[in-house]
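Residue-level structure breakdown
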Amino acid sequence: MDANPTLDQLQVFLAVADAGSFSAAARMLNRAQSVISYTIGNLEAQLDVSLFERNGARQPKLTDAGKAMLADARRIVGDLQVMRARATSMKQGLEAEVSVAISVMVPTEAMVAVLKEFRNTFPSVALRLDVGELGRIMELVMTGRSSIGIGGALMRQDDSLQVERIGHNFLLPVAAATHPLAQIAGPLTLADVREEVQLVVTDASDLTTGRDFNVLSYKTWRVSDIATKHHLIRGGLGWGGLPASVIHDDILSGRLVHLNLEAYEQGHYSIYAIRKTASPPGPAAAWLIEAFRQKLSSCPAHFPGEVLDSVRQDLALRA
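Everything quoted here is computed from the prediction, not taken from an experiment.

1. Section: a nonpolar patch on the surface
Judged by side-chain polarity, Ile-76, Leu-80 and Met-83 come together as a nonpolar surface patch covering roughly 270 Å² of accessible area. Along the chain, the position of Ile-76 falls in helix α4 (residues 64-91). On the basis of relative accessibility, which here comes to 38%, the residue Ile-76 falls in the partly exposed class.

Here it is in structure tokens:
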């Protein structure tokens, strides 16, 4: 008899491969580890191949056959999700509520403009809004708390998510005009910043546990959100990276100074539209995604230098 793996077996197989262990897959799927092992064993018996090498290693390793079957499993699961999504969209009417998670990296002006137009276009649709940092946006969509996410750092591949890049912002290293780093003429070196306090946002999600981004100083103060980081940097308590859209007026007024620090990876911070593949957006949510795409695609500049040039132009106009 031909093997007929179930969708559940394939999803468990993908979870083990992506999570790296049976125990991690069990936590991800909220099942007992014994159930995960049993499911994989049944799948291997049906296919008559070994998918993982187990020989005493703590972390199961895909066999050559497992690697080949992994690609097939991803395609099958993905096709089924698309089929379900198509069926759902065919019978779906206007949503009663749209839940959206928006990254702090999305310019505030763009967010307010889009949501104001959303209110006027869909007056009967309620909105639930969450704002987050780093991996929080991806986590909110993955857990189903938000139906769509705008922004967010993509911490790992997840085949259950549909991800599309719709814009960008910029992350620039800055300090208060009174800060010692702002007094140094010329480019800054790592030696200049190593002993200065760097303010760093700690992600509320578990997706970035143990990972730091652009942390160059030996001394760090960790805060929960961008707004607090912004206030502390303006108060001269340290230096750090902030979205260009957040600091535009501060640089314009001279309150903050852009640090010429080559070691800091400044530049594009991609902004994505994120949703579950199996849960296609309804008319109102689809409108939101497209509205954010249009608004964010009009954001000026492709390099941080151009952002600063626009600030200098504003200064000249106000002079």
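2. A few points about the side chain of Thr-39
By the secondary structure assignment, Thr-39 is in helix α3 (residues 33-47). A residue is classified by how much of its surface remains accessible, and Thr-39, at 9% relative accessible area, is buried. Those residues within four positions of Thr-39 in sequence are excluded, and the remaining contacts are Asp-8, Gln-9 and Val-12.

3. Observations concerning the pattern of salt bridges
As enumerated under the stated definition, the model contains nine salt bridges in all. In this structure, Asp-8 and Arg-31 form a salt bridge, with 2.5 Å as the shortest nitrogen-oxygen distance. Taken together, the positions of Asp-8 in helix α1 (residues 7-19) and Arg-31 in the loop between α2 (22-29) and α3 put the pair 23 residues apart, joining distant regions of the chain. Of the residues examined, Asp-8 reaches a relative accessible area of 29% and is grouped as partly exposed. Assessed through its relative accessible area of 33%, Arg-31 is described here as partly exposed. Of the charged contacts, one joins Asp-18 and Arg-74 as a salt bridge, the two residues approaching to 2.6 Å between their closest N and O atoms. Highlighted residues: Asp-18 in helix α1 and Arg-74 in helix α4, separated in sequence by 56 residues. Classification of Asp-18 as partly exposed rests on a relative accessible area of 39%. A single network of salt bridges, built from pairs that share partners, joins Glu-164, Glu-290 and Arg-293.

4. Notes on the environment of Tyr-218
As for its position among the elements, Tyr-218 is in the loop between β7 (198-201) and β8 (220-223). Spatially, the C-alpha atoms of Tyr-218 and Val-197 are 7.6 Å apart, while their sequence positions differ by 21 residues. Not counting chain neighbours up to four residues away, the residues in contact with Tyr-218 comprise Arg-194 and Glu-195.

5. Notes on the packing of aromatic side chains
Scanning the entire structure with this criterion turns up six aromatic pairs. Relative to Phe-52, the ring of Phe-22 has its centre 5.8 Å away and its plane inclined at 70°; by these criteria the two rings are edge-to-face. Residue Phe-22 is located in helix α2, and its partner Phe-52 is located in strand β1 (residues 52-53); the two are separated by 30 residues in the primary sequence. Residue Phe-22 shares its accessibility class with Phe-52, and that shared class is buried. Plain terms: the ring middles of Trp-239 and Tyr-264 are 6.0 Å apart, the flat faces sit at 70° to each other, and that makes the pair edge-to-face. Taken together, the residues Trp-239 in the loop between α8 (226-234) and β9 (240-243) and Tyr-264 in the loop between β10 (256-258) and β11 (267-276) connect sequence positions 25 residues apart. In this pair, the class of Trp-239 matches that of Tyr-264, namely buried.

6. Things to note about the packing of α2 against α3
The geometry of α2 relative to α3 is characterised by a closest axis approach of 8 Å and an angle of 110° between their N-to-C directions. Between α2 and α3, the crossing angle belongs to the class labelled roughly perpendicular. Contacts between α2 and α3 involve Phe-22, Ser-23, Ala-25, Ala-26 and Leu-29 from the first element and Gln-33, Ile-36, Ser-37 and Ile-40 from the second.

7. Considering the nonpolar core
Nonpolar side chains in soluble globular proteins tend to be buried together. Val-106, Phe-118, Ile-150, Leu-288 and Phe-292 are the most contacted members of the largest nonpolar core, which totals 24 residues. Mapped by element, the contributors of at least two residues to this core are β3 (97-103), α5 (108-121), β5 (148-150), β11 and α10 (283-297). Here this core takes eight residues from α10, the largest share from any one element. When sequence neighbours within four positions are dropped, the list of residues in contact with Leu-288 reads Val-98, Val-114, Leu-115, Phe-118, Leu-127 and Ile-148. Membership of the second largest hydrophobic core comes to 18 residues, among which are Leu-43, Leu-51, Leu-70 and Ala-73.

8. Looking at the environment of Asp-192
Its location among the elements puts Asp-192 in helix α7 (residues 190-194). For the pair Asp-192 and Ser-217, spaced 25 residues apart in sequence, the C-alpha separation works out to 9.3 Å. If we ignore the near neighbours within four places in the chain, the residues touching Asp-192 are Leu-181, Ile-184 and Pro-187. Here Thr-189 takes part through its backbone nitrogen, which lies 2.8 Å from a polar atom of the side chain of Asp-192.

9. Re α3
Taking 1.5 Å of rise per residue, the 15 residues of α3 would be expected to cover 21 Å, and the 21 Å separating its terminal C-alpha atoms lies within 8% of that figure. Every buried residue of α3 is listed here: Ile-36, Thr-39, Ile-40, Leu-43 and Glu-44. Take α3 and look down its axis: the buried residues cluster within an arc of 135°, on one side only. Among the exposed residues of α3, those pointing more than 90 degrees away from its buried face are Ser-34, Tyr-38 and Ala-45.

Cut-offs and rules
Residues numbered from 1 in each chain as written. Predicted model: local features only at pLDDT ≥ 70, side-chain atom pairs only at ≥ 80, totals over all residues. Heavy atoms only, no water. Patch = residues over 30% accessible without salt bridge, like charges linked within 9 Å, V, L, I, M, F, W, Y side chains within 5 Å. Areas by Shrake-Rupley, 256 points an atom, 1.4 Å probe, with all protein chains shown as cover. Salt bridge = Lys/Arg side-chain N within 4 Å of Asp/Glu carboxyl O. Helix = DSSP H or I, 4+ residues; strand = E, 2+ residues; numbered from the N terminus. Buried < 20%, exposed > 50% of the residue type's maximum accessible area, 1.4 Å probe, protein only. Contact = heavy atoms within 4.5 Å. Phe/Tyr/Trp six-rings, centres within 6.5 Å; stacked < 30°, edge-to-face > 60°. Axes fitted to C-alpha atoms, helices over the stretch in contact; angles between N-to-C directions. Parallel < 35°, antiparallel > 145°, perpendicular 65-115°, else oblique. Core = buried A, V, L, I, M, F, W, Y, C linked by side-chain atoms within 4.5 Å. Polar contact = N/O pair within 3.5 Å; in protein donor to acceptor, adjacent residues only side chain to side chain. Expected span 1.5 Å × (residues − 1). Arc of directions from axis to C-beta.

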